[in-house]
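Take a look at the letters that make up each chain.
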Amino acid sequence: LLVNEAKRQASYTAIDEHVDATTKVIGIGSGSTVIFCVDRLAQRVKRENLHIVACIPTSFQSKQLIIEAGLPLADLNQHPIIDVAFDGADEVDSSLNCIKGGGACQLQEKLVAAAAKKFVVVADYRKDAEVLGTQWKAGVPLEVIPMAYVPIMGTLKALGGNPVLRMALRKAGPVVTDNGNFVIDADFGEIKDPIALDQKLISIPGIVETGLFCRMASVAYFGGKDGTVIVRK
Ligand code: DER
């Protein structure tokens, strides 16, 4: 309950502080926290005369959230510039660099975050860290081309990582992303220089996107255990 309430508080505060009558195009992330952002948006659309023209999804799940909330679904190619995007994170460091991809959606999430004038992270207190890799122990999620996952794992090991192919729970075999790719979770321990690590990882042939979102978030909202919300810029 505590964690869910923390997610809700962070999300409601973020929506209330960044969506007003001038907001037209909104990026909608993926995962469990962003659900509360969509809830708040739907509430406010009913109550106020917002002028939301388009909500841009970051996964099938995100698309479903938009449709089920009766919000206007649109494509990034129709709205290549997004006013503000909201998304969760698995861990956020003191410079607002994030590990994302816990839900295997980081490829489209990074495209939407990059297209947004403002990228707003919403999370509960468990995600608030000084250094990446200190709270989140599941490794850096990497979206990879299936035909090369074994050589890629070899390269990741040579870089000092501990790569694991993400296997599905309710389906035989590996997780397959919304883009038809696999996910490798590569543990590199504490990540003091996420920018350098991201550059190394993204240059490996077959890695199509990393879960390191460096220098992308403008602000992060962390719901606390006690109902308060910590805002970090
Ligand atoms: O997969 C993702 O990138 C999600 O945004 C994830 O990082 C956060 O999911 P959560 O809000 O369910 O913790």
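The sections below set out a description of the structure shown in this document. Here the residue numbering is sequential within each chain, running from 1 through the sequence in written order. Only residues with pLDDT of 70 or above have their local features reported here, since the model is predicted, and side-chain atom pairs are shown and tallied only from 80 upward, although totals for entire chains, interfaces and linings are computed over all residues. Excluding hydrogens and water, the side-chain figures rest on all heavy atoms present in the structure.

Some points on the sheet that holds strand β2 (residues 54–56)
Step number 1: Strands are treated as partners if at least two bridges between them are detected by DSSP. Under the scheme used here, helices are H or I runs from DSSP no shorter than 4 residues and strands are E runs no shorter than 2 residues, and both carry numbers assigned from the N terminus. The six strands are arranged β2-β1-β3-β6-β12-β13 in an open sheet whose pairing can be described as mixed. In the strand order of this sheet, the two ends are held by β2 and β13 (229–232), each with one partner. On average, adjacent strands in this sheet sit at an angle of 20 degrees to one another, irrespective of strand direction.
Step number 2: The sheet contact formed by strand β3 (residues 82–87) and strand β6 (residues 116–124) spans five bridges and is parallel. Bridged to alanine 85 within β6 is phenylalanine 119.
Step number 3: Each of β1 (25–28), β3 and β6 touches helix α2 (residues 34–47); the most contacted strand, β1, lies at about 150 degrees to it. Structural elements are reduced to axes, namely lines fitted to C-alpha atoms, with helices fitted over the stretch in contact, and the angle between N-to-C directions of any two is expressed from 0 to 180 degrees. Any two residues whose heavy atoms approach within 4.5 Å are treated as being in contact.

Some details on the packing of helix α1 (residues 2–18) against α2
Step number 1: Their axes nearest at 8 Å, the elements α1 and α2 cross at an angle of 50 degrees. Here α2 runs oblique to α1, going by the angle between their axes. In the packing of α1 onto α2, the handedness of the crossing is right-handed. Of the residues in α2, those in contact with Asn4, Lys7, Arg8, Ser11, Tyr12, Ile15 and Asp16 of α1 are Phe36, Cys37, Asp39, Arg40, Leu41, Gln43 and Arg44.
Step number 2: Note on residue classes: Ala, Val, Leu, Ile, Met, Phe, Trp, Tyr, Cys and Pro are nonpolar, Asp, Glu, Lys and Arg are charged, and everything else, Gly too, is polar. For the contact of α1 with α2, a count of residues per class yields five nonpolar, three polar and six charged. For this classification, under 35 degrees means roughly parallel, over 145 means roughly antiparallel, 65 to 115 means roughly perpendicular, and everything else is oblique. Each crossing gets its handedness from the near helix: less than a right angle anticlockwise from the far helix is left-handed, clockwise is right-handed.

By themselves, these are just geometric observations and shouldn't be taken as functional.
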